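Working through the structure, step by step
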Amino acid sequence: MIDLLATHHVYLAAILLVGIGLYVVVGSPNLVKKVIGMNVFQVGIFLFFVTSGYVDGAGPPVVGHGSGPLSSPLPHVLILTAIVVGVSLTAVALALIVRIYDGYGSLDEDVIKEVRVND
Amino acid sequence: MIEPIATLQENAIVLLVAFPIVAALVPIVLGLLSDRTGWIVAAIISLVQVALALTVFRQVQATGPFSYEVGGFAPPFGIELIADGVSAPLLVLIAVTTVGVVAYAHRIGPHGNEFYSELMLLMTGLSGVVATGDVFNLYVFLEITGLATYALVASGRSPEAALASLKYLLIGTIGASLYLFGVGYLYLATGTLNMADLSSSLPSVGYATPLVLTGFGLIVVGLSVKVALFPLHTWQPDAYAESPHAVSAYISALVSTAAAYALFRLLYAVFTVDFFAAVPFAQDMLVLLASVSVVVGAVLAVMQSDLKRMLAYSSVSQFGIVVAALAIANETAILGSLVHLVGHAVMKAGLFLAVGVLATSLGARTVEEYAGIGYRAPVTSGALAVLAFSLVGVPPAIGFAGKWTILLGAVEAGAWALTAVIVTSTLLTLAYFGRLVEKMYFTEPADAAESVATDGGVAPDVSFAMRAIVVLVAVTAVALGIVATDLIATFEPVVEVYFA
């Protein structure tokens, strides 16, 4: 168990982040916190991807930069794309939240539900 | 530069993605001058898209499937776009539906150039999902589709629409991210992201290894969110009900369809039938998930009074049928599933468009308000009834062709429980549409003036084009049923390869 923690701590961190993120999205009634939770959830997945390309003591796969083990830059590039997607999603989500706040005067899911029932 | 005609044909598939994503910016730029230019630009872009899709389709019919290396990087390292007997017809479907929706939106809107930019962006995303042969590229296109859909749902301007859109965004993002997570597992297992390459390296890793199994689970759950299978459908009824009529027609027709197509590709081009043979548990779970979706979706649809919500839950049920047919891994059933995928897109688009016409012209939104509507709007109601019966599965319409082929496949595979589920779902579909048709034609309106009065007076007039499109879609649904064997013949070579 200790051995697993020592060698795979990054994977555990990734799973923890995914779990925390999901919990916040489901559990928090505040819409902004839900979006933050969504971001934490995605960061967990990004971390998982990025570590997969990492090799201890490896060099970049560029001609003329030594021999020995090379690490793959592909996961990093993929995650760069995914981060851009994540930023766009956050932007759209925040824009929607502004409109929701204008309409209901609250960011609390329970309050919004009450407002809708009373309407 | 070689002959320009030949280059156009070779590049049509990449232009299907590259052209509209660039052209989507045009309405925004022109919006600086006038806010009424978006429609004509969108109409031109979608017509060009139809021409490109038809070029690809003809090429596939003439010379068989082909692939395109994006940027000249050879797969498996480069990204590959694939045109074959399944992706080409779907590309045509996407382009043609876009033309129809753009024509429909001319009068009732939503107006404004941003709407048309978002619509073109959505078309790009959908075409990309269908054309790509790379699992990470698929994620990017899924997210482009998602982002454009969230914006379109919120184009209703009401706070309810914004709330529905945010809900969709949160759930949809988690779905897409789970898919990405699953792709990560497959990448760790094989070191490749190309679909064809994955399918050849997965057996050497071993189908039953934890890495591959976890990847499969995450991918299936992620895509099921996008397809809107019960119990992952919760975003869908709000999104369909709160968005403008043109938008709900478009997204109900294509967004879940593209996700279901992605599921088909991943199941058979990446995991292959051998995976199901090696891990029957995964197959059983998928059939179970889909079967529950079929029944619960239909029951929820029967319980709805709001028409758009009823159609939304009906989609949950119909996609259950599509995924269940994919999951039983039988050639006939898969062909049926693809036919139903195309058929459902046409029928559901038509139903939402017809509901939009009736809601705009007569203010009827609930099943109660549809009383006697068959005599007040005979043409649209007639088309609505034809589409409803088509979705129930009355021959010769496309709904019958799809469900019948799926049923044959289920019987061939000896999946008796599933056969029962599909027959039951047909009865339940009849229950919710029968109730509607009964109201439309055989119930006296409680107070003829009332339903008009509740509308608040100045409803924008319904254009002739909108009615014409609804009728056209109804005719298409029946005509597609008549040529269903040709459709199956187009899909067959692709599916055959997966079973070879």
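Located above this text is the structure these notes cover.
Residues numbered from 1 in each chain as written. Chains lettered and ligands numbered in written order. Predicted model: local features only at pLDDT ≥ 70, side-chain atom pairs only at ≥ 80, totals over all residues. Heavy atoms only, no water.

**Regarding the interface of chain A and chain B**
This is how the line gets drawn: Residue contacts are counted whenever heavy atoms from the two residues lie within 4.5 Å of one another. Simply put, the buried area is the total loss of 1.4 Å probe accessible area from both parts when two parts are fitted together. When a carboxyl oxygen of Asp or Glu is within 4 Å of a side-chain nitrogen of Lys or Arg, the pair counts as a salt bridge. Under this definition, polar contacts are N or O atom pairs within 3.5 Å; protein pairs additionally need one hydrogen-donor-capable and one acceptor-capable atom, and for neighbouring residues in sequence, both atoms have to be side-chain atoms. Helix and strand definitions follow DSSP, with helices as H or I runs of at least four residues and strands as E runs of at least two, each counted in order from the N terminus. When residues are grouped by polarity, Ala, Val, Leu, Ile, Met, Phe, Trp, Tyr, Cys and Pro land in nonpolar, Asp, Glu, Lys and Arg in charged, and all others, Gly among them, in polar.
Contacts between the two partners involve 35 residues from chain A, matched on the other side by 31 residues from chain B. In total, chain A and chain B occlude about 2900 Å² of area from one another, counting both sides; carbon and sulfur atoms represent 82% of this. Counting across the interface, chain A meets chain B through 0 salt bridges. Where chain A meets chain B, there are 3 residue pairs in polar contact (both at pLDDT 80 or more). Mapped onto the side of chain A that touches chain B, the elements with two or more residues apiece are helix H2 (9-27), helix H3 (31-52), helix H4 (74-104) and helix H5 (109-118) of chain A. Counting residues per element, the side of chain A that touches chain B draws most heavily on H4(A), which supplies 16 residues. By residue class, the composition of the side of chain A that touches chain B is 26 nonpolar, 6 polar and 3 charged.

**Considering the environment of Ile108(B)**
Residues and elements named next belong to chain B. Structurally, isoleucine 108 is set in helix H4 (residues 87-108). Measuring from C-alpha to C-alpha, the distance between isoleucine 108 and threonine 360 comes to 8.2 Å, with 252 residues separating the pair along the chain. Not counting residues within four places of it along the chain, the set of residues in contact with isoleucine 108 comprises His245, Thr360 and Met466.

**Some details on the environment of Val225(B)**
Residue and element names in this part refer to chain B. Stated precisely, the cut-off is as follows: Here the term buried applies to any residue with accessible area under 20% of the maximum for its type, exposed to any over 50%, and partly exposed to those in between, with areas from a 1.4 Å probe on protein chains only.
Considering the arrangement of structural elements, one finds valine 225 in helix H9 (residues 210-227). On the basis of relative accessibility, which here comes to 5%, the residue valine 225 falls in the buried class. Separated by 23 residues in the primary sequence, valine 225 and serine 248 place their C-alpha atoms 18 Å from one another. Excluding anything up to four places from it in sequence, valine 225 contacts Ile171, Gly172, Gly175, Leu232 and Trp235.

**Thoughts on the pattern of salt bridges**
For the structure shown, the criterion picks out 5 salt bridges over all chains. Lys34(A) is the salt-bridge partner of Glu109(A), the closest N and O atoms lying 3.7 Å from each other. Of the two residues, Glu109(A) is situated in helix H5 and Lys34(A) in helix H3; the sequence distance between them amounts to 75 residues. Take Lys34(A): its relative accessible area is 7%, and that puts it in the buried class. A salt bridge links Lys439(B) to Glu368(B); its shortest N-O distance comes to 4.0 Å.

**Focus: helix H17 (residues 398-412) of chain B**
For an α-helix, 3.6 residues make a turn, and residues three or four places apart therefore share a direction. Residue and element names in this part refer to chain B. Our working definition: One fewer than the residue count of a helix, multiplied by 1.5 Å, yields its expected span.
For H17, with 15 residues, the first-to-last C-alpha span of 21 Å sits near the 21 Å given by 1.5 Å per residue. Looking at H17, one finds that the buried residues are Ile398, Gly399, Ala401, Gly402, Lys403, Thr405, Ile406, Leu407, Gly409 and Ala410. Note on H17: the residue one or two positions beyond its end, glycine 414, has a positive phi of about 70 degrees.

**Quick word on H4(B)**
Residues and elements named next belong to chain B. Taking 1.5 Å per residue, 22 residues should reach 32 Å; H4 reaches 32 Å between its end C-alpha atoms and fits that length. Of all the 22 residues making up H4, 17 are buried; the element is thus mostly covered by neighbouring parts of the structure. Backbone geometry just after H4 places glycine 109 at a positive phi near 80 degrees.

**Considering unusual backbone geometry**
For residues other than glycine, phi is negative in most cases, and the peptide bonds are mostly trans. All names here are of chain B. With omega at 0 degrees, the peptide bond leading from phenylalanine 230 into proline 231 counts as cis. Position of proline 231 relative to the elements: it lies in the loop between H9 and helix H10 (235-242). Proline 396 follows proline 395 through a cis peptide bond whose omega is 5 degrees. Mapped onto the elements, proline 396 comes out in the loop between helix H16 (378-392) and H17. If you check the backbone angles, threonine 272 has positive phi at about 65 degrees while not being a glycine. The buried category is assigned to threonine 272, whose relative accessible area is 14%.

**Observations concerning the nonpolar core**
Rules: Put simply, buried Ala, Val, Leu, Ile, Met, Phe, Trp, Tyr and Cys residues joined by side-chain atoms within 4.5 Å make one nonpolar core.
Counting residues in each nonpolar core, the largest one holds 220 residues, and the members touching the most others are Val56(B), Tyr179(B), Tyr268(B), Tyr370(B) and Phe433(B). Sorting elements by how many residues they give to this core places helix H11 (residues 245-278) of chain B first, with 24 residues.

**What to know about the packing of aromatic side chains**
All names here are of chain B. Inclusion rule: Two aromatic rings, drawn from Phe, Tyr or Trp (for Trp, its six-membered ring), form a pair once their centres lie within 6.5 Å of each other, and the interplanar angle then sorts them: stacked below 30 degrees, edge-to-face above 60, tilted otherwise.
Under the criterion given, the structure shown has 25 aromatic pairs over all chains. An angle of 50 degrees between the planes, with centres 5.6 Å apart, marks the rings of phenylalanine 181 and tyrosine 185 as tilted. On the criterion of helical spacing, the pair formed by phenylalanine 181 and tyrosine 185 is a turn pair, its members being 4 residues apart in helix H7 (residues 159-190). With respect to burial, phenylalanine 181 and tyrosine 185 carry one shared label: buried.

**Description of the packing of H4(B) against H11(B)**
Residues and elements named next belong to chain B. Convention followed: Each axis is a line fitted through C-alpha atoms, and for a helix only the stretch in contact is used; angles between axes span 0 to 180 degrees, taken between their N-to-C directions. By the definition adopted for this analysis, an angle is roughly parallel if under 35 degrees, roughly antiparallel if over 145, roughly perpendicular if from 65 to 115, and oblique otherwise. The handedness criterion is simple: a crossing whose near helix is rotated anticlockwise from the far helix by less than a right angle is left-handed, and one whose near helix is rotated clockwise is right-handed.
Interaxial distance between H4 and H11 falls to 9 Å at its minimum, and their mutual angle equals 170 degrees. It follows from the interaxial angle that H4 and H11 lie roughly antiparallel. When the axes of H4 and H11 are compared, the crossing they make is left-handed. When H4 is examined against H11, the residues Ser87, Leu90, Leu93, Ile94, Thr97, Thr98, Val101, Tyr104, Ala105 and Ile108 are found in contact with a partner set consisting of His245, Ala246, Tyr250, Ala253, Leu254, Thr257, Tyr261 and Arg265.

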